[in-house]
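Each chain, written out:
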Amino acid sequence: MPRLVGTLAAFSGAIAAPGALAAELQPTVTSDGGGGEGMSLRAAVAAAAANPGYDAITLPAGERFVLTDCDAGPLSVPRGDTLVVYGGGASVVQACPGMPVFSVSGVGYLRRVTLTSAGGAPAPLVRTDGLLWMRDATLTGSPGAGVECQECAELVAINSHVVANAGGGVVARSSARRTFVVLRGTEVAGNRSDGPGAGVSAELAHPESAVWIEDSSVTTNVTGGPASDGGGMDVAAPSLDVVRSRVSGNVAGAEERPGSGGGISFRAPGAGVARASVASSVVSGNAASFAGGGIQVTGNAQLALIESTVASNTAAAQGGGVAMQTTPGGTLLVDGSTLTGNAAGQGSGGGAISLLGASPTSAVVRSTVVGNRAGRGGGIDAGDQSGLALQRSTLVRNASPRGANVAVSGTASVATLADIVAEPLDGPSCLVAPGATLTSGGYSVFGDASCAPSATDRVVGGDVGVAPLGGPDAVPGRLPAIAAVSPTSAAVGIVPGALCVGMRDQAGRSREGERCAAGAVEPTP
């Protein structure tokens, strides 16, 4: 994303440069036809289009402009033109059914303006195949999408609100053009869609395209049509980054219309490997009528879940928190994260994490998996040909009659090292089906002998000295809550110092010393 960051800075500077103006217009007539003295908004946009270059329109603060001239079409920014609209809190209403407020083929910049629709046939409030920036803007009440990009170059929303639209929030489709979709400090909430991705829906095929969501919230969006994946967002792109953001309360599908990825659904758009990162973020309270209550990843795609919280998500099938069903190129990395209170269906696996497909190199490191529930593998369920390295992590008090903390089936393999896998609920701590393998690299604490302990592991029935999750509710940008370890826990001092060099625990504390603890965190005095 470095090129995109540079573009953001350069364009911001251009917007602020008054010397670049070709025309500066101030419409005062709020009706579409105008008449009498003054200029209507439509006349101002037409005058700007007639002046090549960078034009600005300033709306009177708080005024309400209504577009009623359906024959004239939407307000248009033609290719080659740049138009800045300073709204000052004004609103623009499209009264013509099936018509956007703005159509942007050039460069459009909307600031402090609210766009809405009077209803009727669906259309996005803004349609662009150029470059669109929105700052402090609100897009709401559309019978279609809030904003739609078709082969656009950039779609950027900063400190904006895309809420309560009936055809999705942010929609981007690009098959040949490099496209960047950026949400920064933006709310995407309460949108509905009969297609995938009620909050954000992006299908970007160009290998340099990317979706970047930072310091934003994607909440209470619902899909319910024949294609219902991605209640919060459905992204098929080479790159997706979710940073310091909240994805909560979204729903994918219904009982009669199965949908996966209640919060996030991610997949590769083509033959190459696609990469998604969720960092310093919260994915919570989402629901899927099929797989992946919090996050679903499919195909040739990778997911890195870094210092994030995945909590209280539900799936009717596998993967209450995260569901991976990937090809050999697709992998999961969970690092410094907490997965808690997630639930998968009674007949399905992976309350916190479900690994299916043929990915051999997934890993869960210095992470906490606690209080999840499923029909199989209450914490983690690894099946098919998947492979998982479980290292320096804590899995406790997960529930399932078939592997409360870990279940391994098919020809899958799980290898443990310096973990706490204990205090199982409703069944044995681990379950290994014929043909699958569970091996220990040593220095772990297991709640029973079902987890294939080695000579350097400890088996401790009952309480292993891991406290309930502590700290305030999960907040984007903060470290996840951790389960503190008692200084008297059997996990303390089990790992030799050679394996502690350069290591930090989930709380960011150094693990170096003569010996260190198994599990996600070092004990606190």
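In what follows, the structure referred to is the one given above.
Residue numbering note: each chain is counted from 1, following its sequence as written. This being a predicted model, a pLDDT of at least 70 is required before a residue's local features are given, and a value of 80 or more before pairs of side-chain atoms are given or counted; all residues contribute to the totals for chains, interfaces and linings. Side-chain calculation: all heavy atoms of the structure are included, whereas hydrogens and water are not.

Caption draft 1: Region of the structure containing the environment of Ala274. Every helix listed is a DSSP run of H or I at least four residues long, and every strand listed is a run of E at least two residues long, numbered separately from the N terminus. Mapping Ala274 onto the fold places it in strand S28 (residues 274-279). A simple rule labels every residue: compare its accessible area, found with a 1.4 Å probe on the protein chains alone, to the largest value its type can have, and call it buried under 20%, exposed over 50%, or partly exposed in between. According to the relative accessible area criterion, Ala274 is buried, its value standing at 0%. For the pair Ala274 and Arg373, spaced 99 residues apart in sequence, the C-alpha separation works out to 29 Å. With sequence-adjacent residues up to four places away left out, Ala274 is seen in contact with Ala237, Pro238, Phe266, Arg267, Ala268, Pro269, Asn300, Ala301 and Gln302. Here, two residues are considered to be in contact whenever any of their heavy atoms come within 4.5 Å of each other.

Caption draft 2: Here's a closer look at unusual backbone geometry. Of note, Thr220 is a non-glycine position whose phi angle comes to about 55 degrees, a positive value. Among the structural elements, Thr220 can be located in the loop between strand S20 (217-219) and strand S21 (222-223). In this structure Thr220 comes out as partly exposed when scored by relative accessible area, which is 40%. For Glu307, which is not a glycine, the phi torsion comes out positive at approximately 45 degrees. Mapped onto the fold, Glu307 is located in the loop between strand S32 (301-306) and strand S33 (309-311).

Caption draft 3: The side chain of Asp505, seen in detail. Secondary-structure assignment places Asp505 in the loop between strand S53 (495-496) and strand S54 (515-516). Every residue in contact with Asp505, bar those within four places of it in the chain, is listed here: Arg366, Arg511, Ala520, Val521 and Glu522.

Caption draft 4: The arrangement of the nonpolar core in detail. Among buried residues, those of type Ala, Val, Leu, Ile, Met, Phe, Trp, Tyr and Cys that are joined through side-chain atoms within 4.5 Å constitute a nonpolar core. Core analysis: the largest hydrophobic core is formed by 89 residues, its most contacted members being Leu115, Met233, Leu240 and Ile353. Aside from chain neighbours lying at most four places away, what touches Met233 is Gly197, Val200, Ile213, Val218, Leu240, Val242, Val247, Gly263, Ile264 and Ser265. The next biggest cluster of nonpolar side chains, apart from the first, holds 16 residues, and it includes Val396, Val445, Val466 and Ala483.

Caption draft 5: Layout of the environment of Ile353. Here Ile353 is to be found in strand S38 (residues 353-357). Residues Ile353 and Gly320 lie 33 residues apart in sequence; the distance between their C-alpha atoms is 6.9 Å. For Ile353, the residues in contact, after removing those within four places along its chain, are Val322, Leu332, Val334, Leu339, Val364, Gly379, Ile380 and Asp381.

Caption draft 6: Structural view of the packing of aromatic side chains. Between 30 and 60 degrees the pair is tilted, below 30 it is stacked and above 60 it is edge-to-face, where a pair is any two Phe, Tyr or Trp rings, Trp via its six-membered ring, whose centres lie within 6.5 Å. Taken as a whole, this structure holds 1 aromatic pair when the rule is applied. Between Tyr109 and Trp133 the ring centres are 6.2 Å apart and the planes differ by 25 degrees, which places this aromatic pair in the stacked class. One end of the pair, Tyr109, is in strand S7 (residues 107-117); the other, Trp133, is in strand S9 (residues 131-135), and 24 residues separate them in sequence.

Caption draft 7: Fine view of the pairing of S7. Within S7, 8 of the 11 residues are buried, leaving the element largely enclosed by the surrounding structure. Strand pairing requires that DSSP identify at least two bridges connecting the strands. In this structure, strand S5 (residues 81-94) lies alongside S7, joined through 10 bridges in parallel fashion. By the bridge assignment, Val93 is partnered in S7 with Thr116. Across 5 bridges, the pairing between S7 and S9 is parallel.

Caption draft 8: Layout of helix H2 (residues 41-49). Turning to H2, its buried residues number three or more, namely Leu41, Arg42, Ala44, Val45 and Ala48. Looking straight down H2, one finds its buried side chains confined to an arc of 160 degrees; they lie on one side. What the arc covers is the set of directions going from the helix axis to the C-beta atoms.

Caption draft 9: Inspection of the pairing of strand S19 (residues 210-214) at higher detail. S19 sits mainly inside the fold: 4 of its 5 residues count as buried. Pairing between strand S15 (residues 180-184) and S19: 5 bridges, direction parallel. For Arg184, the partnering residue across the bridge sits in S19 and is Glu214. When S19 meets strand S23 (residues 239-243), the two strands line up parallel, connected through 4 bridges.

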